[in-house]
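# Observations on the three-dimensional arrangement
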Amino acid sequence: MSTLEIRDLHVSIETDQGVKPILRGVDLTINSGETHAIMGPNGSGKSTLAYTIAGHPRYTVDSGTITLDGENVLEMSIDERARAGLFLAMQYPVEIPGVTVSNFLRTAKTALDGEAPPLRSWIKELKGSMEALRMDSSFAERNVNEGFSGGEKKRHEIVQLELLKPKIAVLDETDSGLDVDALKIVSEGVNRVKENTGLGVLLITHYTRILRYIQPDFVHVFVDGRVAEEGGPELAERLENEGYDRYLSGSTVG
Amino acid sequence: MTSAPSAAPEAAPLQHAHGPGSPVPVQTRSERFASAQHADFPEVTGRELEWRLTPVASIRDLIDGPLDGSPFPAEVSPAAGVTVEWVGRDDARIGSAGLAEERAAANAWSSSERALVVTLTGEEAITVTVDRTAPDSTPRAAHTIITAKPNARGTVIIDHRGPARLTENVEIIAEQGSDLTVVSLQEWDDEAVHLSSHFGRVERDARLKHVVVSLGGAVVRVNPSVALAGEGADGQLLGLYFADAGQHLEQRVYVHHIAPHTVSRVSYKGALNGEGARTVWVGDVLIGREATGTDSYEENRNLVLSDGTRADSIPNLEIETGEIAGAGHASATGRFDDEHLFYLRARGIDEQEARRLVVLGFLLEIVQRIGNEALEARLLALLEDELAAVEVV
Ligand SMILES: Nc1ncnc2c1ncn2[C@@H]1O[C@H](COP(=O)(O)OP(=O)(O)OP(=O)(O)O)[C@@H](O)[C@H]1O
Ligand SMILES: [Mg+2]
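Quick caveat, the model's predicted, so the values are computed rather than measured.

A word on the overall build of chain B. Along chain B, the regular secondary structure elements total five helices and 18 strands. What you see for chain B is a C-alpha radius of gyration of 20 Å, in line with the 21 Å of a compact globule of 393 residues. Seen through its principal axes, chain B has C-alpha atoms that stretch 60 × 50 × 50 Å. In chain B, which comprises 393 residues, the proportion classed as buried is 59%. For chain B, contacts bridging at least 24 residues in sequence account for 85% of all contacts bridging at least 6. Counting every atom, chain B has about 14000 Å² of accessible surface; 49% of that belongs to carbon and sulfur. A distance of 2 Å separates the average location of the 34 positive side-chain charges in chain B from that of its 59 negative side-chain charges.

Shown next as structure tokens:
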């Protein structure tokens, strides 16, 4: 049982126009096995929250805390966070020239486990996961995300999720750009990992479509850098019908 | 950071085609003065366009000194479909792909007593390795001719080791319909100095893949010129280099599209690490008047791993016909891409390892394009060695 706890988090970024505050007091608690959906308008700071949890150097934490099972996440380096059990499926996965998927995944697995995985079972696991996410085995010898379609990149993120077995995963718009079939395949992948490992999920999305496949326990409405309202799955339906207008009156976005 | 990304066209005056020392600057790359005679070239001052980025003081013996012109040691792996011979200077093949365009190359041309001739004749793709190990640091000259006969296929890997001081010319001819890969691999000892001019000629529907890999040596300057002389000729010029502290690695690439419907791809990548690590890449592409429907692209990318390095990267594109299919160039010199490192580290890979992966990947992109598995594995091992010695920051 793991708990990711975010308390009164304030985050800003350095821009050409000076320091720009983006997160203005975020509170969230995610336990193993739970699925939390975050929905909110463009520019409200969802990806900022995701990157801040993962430790991206562009974001400065001005105040507040993030802990994983009581350990101070903000003091950990990017890779220490991953090794502590945090995972970020990125909205825009990065292409890495010359590094093959198989080399990348094996290196990551080795780093997380502290030792190289036994070759035979690893290859089997890799093949199995790629098959389940309908990625042709030839992807293993291609360079990481290079020339992958948008949907292929997202499926590759979920292959990683399945193989690297984190405690808590942040999925930043993993559903964006997926066709109907891919959406189902990706959702099944996430549900499979949840079932097998008790993964806790923070799912950032603009659409209720994915929430029909991945049932959220909680829905958080994210507006102007903080959680404006929280509720159950029914909140997502209401957002889909009504939009964010009622949260935006009087506040500025972005 | 002292690395200097530069993309300005070279502007220094050139020698005139009608003779050295002429005051008229030559605009076109193909009109550069050429001669087999050392004495035909003026003294090198180090300010010439051709030499201004090279540490000429440390290569004077090769530019002007007497050279040992006896055959440079070479061991060639025997294989079916390849002939290997040493021929005299009167051999008609000498000079068939080009002629020296500067004084050090001319010194080699007039000093070498014999030429090593490697000829591929078979249509079955083969790999031939030419092992060249310098026994000592005697200044030497060499001349090599590599030919793929019509429709022949194969790879010639020239592997350089030892403490050489070598200036040389290499002629490469891909005859009609042939598919030739030539790899010049510089694994020299730390103190070695190597000046090498390659002259390639690619005939009708032939393909030349030319690869320069420079890892070892104090001063290594490999300058490939390739003429796409026959219709449908295809030239791929690849290069990778890794300059450590105090190393000077230079490559001046020239592709001349002479015939119509010719294709060229030039792609060089380098890494620089340590005080005084120095690289030079000049990429000249000339699309001639007759070369309609050609397609060319050249790029050079440098990854800077530490302070105290300098990378010059200078693409030049000259186009003499309006009817081309495509022509482009790119040049970039910079530090690590933070997003690459972040992605890898977000998967648990520590910073050192992530940097190694990124550097290796950056260079392996070229290796992957060579298309020779055994060589790829060897280069991977060499690059890993190169990186193991590096504290990548
Ligand atoms: N480098 C930057 N320079 C200026 N502004 C930035 C920069 N990075 C982020 N921002 C701003 O921070 C705010 C939050 O961005 P963020 O990416 O977190 O939004 P988001 O909620 O994920 O949006 P979306 O739904 O479009 O993905 C936006 O207004 C964005 O323009
Ligand atoms: Mg976003």
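The next subject is the overall build of chain A. A count of helices and strands for chain A gives nine helices and ten strands. A globule of 254 residues ought to have a C-alpha radius of gyration of about 18 Å, and chain A, at 18 Å, matches this closely. Expressed as a percentage of the 254 residues in chain A, the buried residues total 55%. Here the contacts in chain A between residues at least 6 apart in sequence split such that 70% fall between residues at least 24 apart. Here chain A displays about 11000 Å² of accessible surface, and carbon together with sulfur accounts for 47% of that area. Put simply, chain A has 27 plus and 39 minus side-chain charges, and the middle of one group is 4 Å from the middle of the other.

Locating Leu126(A) in the fold gives a position in helix α4 (residues 119–132). For the pair formed by Leu126(A) and His56(A), sequence separation is 70 residues and the distance between their alpha carbons is 27 Å.

Residues and elements named next belong to chain B. Residues Ile126, Val128, Val130 and Arg132 line the buried face of strand β4 (residues 126–133), whereas the alternating positions Thr127, Thr129, Asp131 and Thr133 sit on a face that is not buried. Here β4 runs beside strand β6 (residues 153–161); their pairing, made up of eight bridges, is parallel. Each bridged residue has a counterpart across the sheet, and for aspartate 131 the counterpart in β6 is aspartate 159.

Turning our attention to the interface of chain B and chain A. Between chain B and chain A, the contact holds 19 residues from the first and 38 residues from the second. Summing the contributions of chain B and of chain A, the shared interface buries around 2200 Å²; its carbon and sulfur component is 65%. For chain B, the biggest contributors to the area lost against chain A are Phe342(B), Tyr343(B) and Arg347(B); these three give 37% of the whole. Viewed at the interface, chain A and chain B are joined by three salt bridges. Between Glu157(A) and Arg347(B) there is a salt bridge, with its nearest N and O atoms 2.8 Å apart. Applying the counting criterion to the chain B and chain A interface returns twelve residue pairs in polar contact (both at pLDDT 80 or more). Going through the elements one at a time, α3 (338–345) and α4 (351–368) of chain B are the ones with two or more residues in the side of chain B that touches chain A.

Once that is clear, we can look at the nonpolar core. Ranked by internal contacts, the top residues of the largest apolar core, which has 115 residues, are Val26(A), Leu49(A), Ile53(A), Leu161(A), Leu171(A), Phe242(B) and Val359(B). Per-element tally for this core: the top contributor is α4(B), with ten residues. Judged by nonpolar contacts, the second largest core, of 48 residues, contains Val82(B), Leu180(B), Ala206(B) and Val266(B).

Moving on, we come to helix α5 (residues 150–164) of chain A. Residues and elements named next belong to chain A. Its 15 residues place the ends of α5 21 Å apart at the C-alpha level, agreeing with the 21 Å of an ideal helix rising 1.5 Å per residue. Judged by how many residues are buried, α5 sits mostly within the fold: 14 of 15 residues are covered. Just beyond α5, the residue with positive phi is lysine 165, at close to 50°.

All names here are of chain A. Taken together, 16 residues lie near ligand 1, and Gly43, Lys46, Ser47, Thr48 and His206 sit nearest. Between ligand 1 and the protein, one listed contact pairs an oxygen atom with a side-chain N or O atom of asparagine 42 at 2.9 Å. Within the backbone of glycine 43, one N or O atom sits 2.9 Å away from an oxygen atom of ligand 1. Protein contacts shield 69% of the accessible area of ligand 1, which totals 640 Å² for the unbound molecule.

Moving on: the coordination of the magnesium ion (ligand 2). Each protein donor to the magnesium ion (ligand 2) is listed here as Ser47(A) (OG) and Gln91(A) (OE1); together their distances run 2.0 to 2.3 Å. Taken together, the residues span a long stretch of sequence, with Ser47(A) in helix α1 (residues 46–54) and Gln91(A) in the loop between β6 (86–89) and α3 (101–113) at a distance of 44 residues.

Moving on, we come to the packing of aromatic side chains. Taken as a whole, this structure holds seven aromatic pairs over all chains when the rule is applied. Taking the centre distance of 5.7 Å and the plane angle of 25° together, the rings of Phe104(A) and Tyr343(B) count as stacked. A residue pair is termed interchain when its members come from two chains, as with Phe104(A) in helix α3 and Tyr343(B) in helix α3. This pair shows no difference in class: Phe104(A) is buried, exactly as Tyr343(B) is. For the ring pair Tyr268(B) and Trp281(B), a centre distance of 6.5 Å and an interplane angle of 45° mean the geometry is tilted. Within this pair, whereas Tyr268(B) is found in strand β14 (residues 263–272), its partner Trp281(B) is found in strand β15 (residues 278–287), the two being separated by 13 residues in sequence. The exposure class assigned to Trp281(B) is buried, which follows from its relative accessible area of 0%. Site record: aromatic cluster; members linked through ring pairs are Tyr51(A), Tyr59(A) and Phe342(B). Over the face of the ring belonging to Tyr254(B) we find Arg29(B), whose NZ or CZ atom lies 4.0 Å from the ring centre.

Even without being glycine, Lys165(A) reaches a positive phi, approximately 50°. Within the secondary structure layout, Lys165(A) lies in the loop between α5 and β7 (168–172). One non-glycine residue with positive phi stands out, namely His261(B), at about 55°. Looking at the element boundaries, His261(B) is found in the loop between β13 (248–257) and β14.

On to the pattern of salt bridges. Residues and elements named next belong to chain B. Taken as a whole and judged by the stated rule, the model has 50 salt bridges over all chains. Between aspartate 91 and arginine 93 there is a salt bridge whose closest N-O contact spans 2.9 Å. For the salt bridge of arginine 153 with aspartate 179, the shortest nitrogen-to-oxygen distance reads 4.0 Å. A residue pair is termed long-range when its members are at least 10 positions apart, and arginine 153 in strand β6 and aspartate 179 in strand β8 (residues 179–187) qualify at 26 residues. Look at the salt bridges and you will find they share partners, linking Arg32, Glu50, Glu102, Arg221, Glu250 and Arg252 into a network.

What counts, and where the lines are drawn
- Residues numbered from 1 in each chain as written.
- Chains lettered and ligands numbered in written order.
- Predicted model: local features only at pLDDT ≥ 70, side-chain atom pairs only at ≥ 80, totals over all residues.
- Heavy atoms only, no water.
- Helix = DSSP H or I, 4+ residues; strand = E, 2+ residues; numbered from the N terminus.
- Rg over C-alpha atoms; globule rule 2.2 N^0.38 Å.
- Buried < 20%, exposed > 50% of the residue type's maximum accessible area, 1.4 Å probe, protein only.
- Contact = heavy atoms within 4.5 Å.
- Areas by Shrake-Rupley, 256 points an atom, 1.4 Å probe, with all protein chains shown as cover.
- Lys, Arg positive; Asp, Glu negative; His and termini not counted.
- Charge placed at Lys NZ, Arg CZ, Asp CG, Glu CD.
- Pairing = 2+ DSSP bridges.
- Buried area = accessible area lost by both parts, 1.4 Å probe.
- Salt bridge = Lys/Arg side-chain N within 4 Å of Asp/Glu carboxyl O.
- Polar contact = N/O pair within 3.5 Å; in protein donor to acceptor, adjacent residues only side chain to side chain.
- Core = buried A, V, L, I, M, F, W, Y, C linked by side-chain atoms within 4.5 Å.
- Expected span 1.5 Å × (residues − 1).
- Near = heavy atom within 4 Å.
- Donors = N, O, S within 2.8 Å, 3.2 Å for Na, K, Ca; no water.
- Phe/Tyr/Trp six-rings, centres within 6.5 Å; stacked < 30°, edge-to-face > 60°.
- Lys NZ or Arg CZ within 6 Å of the ring centre and 35° of its normal.

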